[in-house]
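Take a look at the letters that make up each chain.
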Amino acid sequence: MNVKGLGEIKAVAFDIDGTLYPQWKIHLSAVFNYACHIIFYLYYGLVRNEMHRMERVENFRVVQAEKMAAFMRCSAREAESKLNAVVYDGLKKNFEKIPCYKDVPETFMKFREAGFKLALLSDFPPEQKGEIWGIKPYCDVILGTEFLGALKPDPYPFLETAKRLGVKPEEVLYVGNSIKYDVTGSRRAGMKSAYLLTGWRKLFRSRVKGADICFSSYRQLQNIVLQ
């Protein structure tokens, strides 16, 4: 489909965290989890920041565990076990209570009906979100960047997503809520980008440099893409 100002778009890919649901809600829901593991999450944040800057690695979880182990002064096996218990499995139940943004399922349905291929690409395991608010059946590709060995904004996960969708990177519109990771990463890969405005940016309708589309609701995104 020819989208005004973007040229030929054959696929739309979405980030998950903070893009399909309000991220503050998971933080509020998991406050007890965070409070019980303050130091652990401090180390985890430092490790993730470092890994966002790294090039692709063959076994992401192993490297992450090794880096956590250095902070925690324990074995990599112990660090990996705690990562699973606290972060991956520990937060899973919280997502059962978090609703998605209004019109997200409808957007996926309408984009599919319009002939777009659809994908999810997230820095955290998509399976952590269960059925992902019922949108999984609409998706052709669902990927976690950890599985691919490189976090955003490394272009590799974006390029791999386009490859698995069977389209060129420039034919993909990537939708996200992070300028640093989603907008920058997708553009490095040659994709078009759509940025979800939240907070003060939404209040003042502030455009974001580098994003091809800025939108404040999924109904608005539908109108822009399907016009």
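These remarks concern the structure in this document. (Residues numbered from 1 in each chain as written. Predicted model: local features only at pLDDT ≥ 70, side-chain atom pairs only at ≥ 80, totals over all residues. Heavy atoms only, no water.)

## Quick notes on the pattern of salt bridges
As a working rule, side chains carrying opposite charge can pair if their charged atoms are close by. Evaluated as defined, the whole model comprises 14 salt bridges. Here Asp 17 and Lys 129 are joined by a salt bridge, their closest N and O atoms 3.0 Å apart. Remark: Lys 129 occurs in the loop between strand 4 (117-122) and strand 5 (141-144) and Asp 17 occurs in the loop between strand 3 (11-14) and helix 1 (23-29); sequence separation between them is 112 residues. Here the two residues Asp 17 and Lys 129 agree in accessibility, since each one is buried. Note that Arg 61 and Glu 146 form a salt bridge whose closest N and O atoms lie 3.0 Å from each other. With a gap of 85 residues between them, Arg 61 in helix 4 (residues 60-72) and Glu 146 in helix 7 (residues 145-148) connect regions that are remote in the sequence. Judged by relative accessible area, which is 7%, Glu 146 ranks as buried. Sharing partners across several salt bridges, the network here consists of Asp 15, Lys 152 and Asp 182. (Salt bridge = Lys/Arg side-chain N within 4 Å of Asp/Glu carboxyl O. Helix = DSSP H or I, 4+ residues; strand = E, 2+ residues; numbered from the N terminus. Buried < 20%, exposed > 50% of the residue type's maximum accessible area, 1.4 Å probe, protein only.)

## Some points on the layout of surface pockets
If you add up the space inside the largest pocket, you get close to 640 Å³. Residue assignment for the lining of the largest pocket shows that the elements contributing at least two residues are helix 1, helix 3 (38-52) and helix 9 (179-188). Among the elements that make up the lining of the largest pocket, the one with the highest residue count is helix 3 (6 residues). Reported here for the second largest pocket is a volume of approximately 160 Å³. In this structure, the second largest pocket is lined by Tyr 101, Lys 102, Asp 103, Leu 196, Leu 197, Thr 198, Gly 199, Lys 202, Ser 216, Ser 217 and Tyr 218. The residue inventory of the lining of the second largest pocket, partitioned by class, reads 4 nonpolar, 4 polar and 3 charged. (1 Å grid on protein atoms, 1.4 Å probe; cavity = no way out; pocket = protein on both sides within 12 Å on 5 of 7 lines; lining within 4 Å. Points joined across faces, edges and corners; volume = space filled by probe spheres on them. Nonpolar A, V, L, I, M, F, W, Y, C, P; charged D, E, K, R; others polar.)

## Some points on the packing of aromatic side chains
Tallying each qualifying case throughout the model produces 13 aromatic pairs. Taking 5.2 Å as the distance between ring centres and 15° as the angle between the ring planes, the aromatic pair formed by Tyr 43 and Phe 71 counts as stacked. In this pair, Tyr 43 is assigned in helix 3 and Phe 71 in helix 4, connecting sequence segments 28 residues apart. A relative accessible area of 23% means that Tyr 43 is categorised as partly exposed. When its relative accessible area of 35% is taken as the criterion, Phe 71 is described as partly exposed. Summarising the aromatic geometry, the rings of Phe 158 and Tyr 174 are spaced 5.0 Å apart at their centres and angled 85° between planes, so their arrangement reads as edge-to-face. Separated by 16 residues along the polypeptide, Phe 158 in helix 8 (residues 155-165) and Tyr 174 in strand 6 (residues 172-176) bring together distant segments of the chain. Tyr 174 sits in the buried class, given a relative accessible area of 1%. Members of the aromatic cluster, connected to one another through ring pairs, are Phe 14, Phe 108, Phe 111 and Phe 116. (Phe/Tyr/Trp six-rings, centres within 6.5 Å; stacked < 30°, edge-to-face > 60°.)

## Here we look at helix 4
With 13 residues, helix 4 ought to run about 18 Å at 1.5 Å a step, and its terminal C-alpha atoms sit 18 Å apart, in line with that. For helix 4, every residue scored as buried is listed here: Phe 60, Val 63, Gln 64, Ala 65, Met 68 and Ala 69. Packed against the buried residues of helix 4 are helix 3, helix 5 (76-88) and helix 7. Directly after helix 4, the chain includes Arg 73, whose backbone phi takes a positive value near 55°. (Expected span 1.5 Å × (residues − 1). Contact = heavy atoms within 4.5 Å.)

## What to know about the packing of helix 3 against helix 5
Contact pair helix 3 / helix 5: the axes reach a minimum separation of 12 Å and the direction vectors enclose 100°. Viewed along their axes, helix 3 and helix 5 adopt a mutual orientation that is roughly perpendicular. Two secondary-structure elements touch here, helix 3 through Phe 40, Tyr 41, Tyr 44 and Arg 48 and helix 5 through Lys 82, Leu 83, Val 86, Val 87 and Tyr 88. (Axes fitted to C-alpha atoms, helices over the stretch in contact; angles between N-to-C directions. Parallel < 35°, antiparallel > 145°, perpendicular 65-115°, else oblique.)

## With respect to the nonpolar core
Membership of the largest hydrophobic core comes to 47 residues, with the highest contact counts inside it found for Phe 14, Leu 20, Val 87, Phe 108, Leu 120 and Leu 221. Each residue touching Phe 108, except ones within four places of it in the same chain, is listed here: Phe 14, Leu 20, Leu 118, Leu 120, Ile 135, Tyr 138 and Cys 139. Ala 13, Leu 148, Ala 162 and Tyr 174 belong to the second-largest nonpolar core, a separate cluster that totals 15 residues. (Core = buried A, V, L, I, M, F, W, Y, C linked by side-chain atoms within 4.5 Å.)

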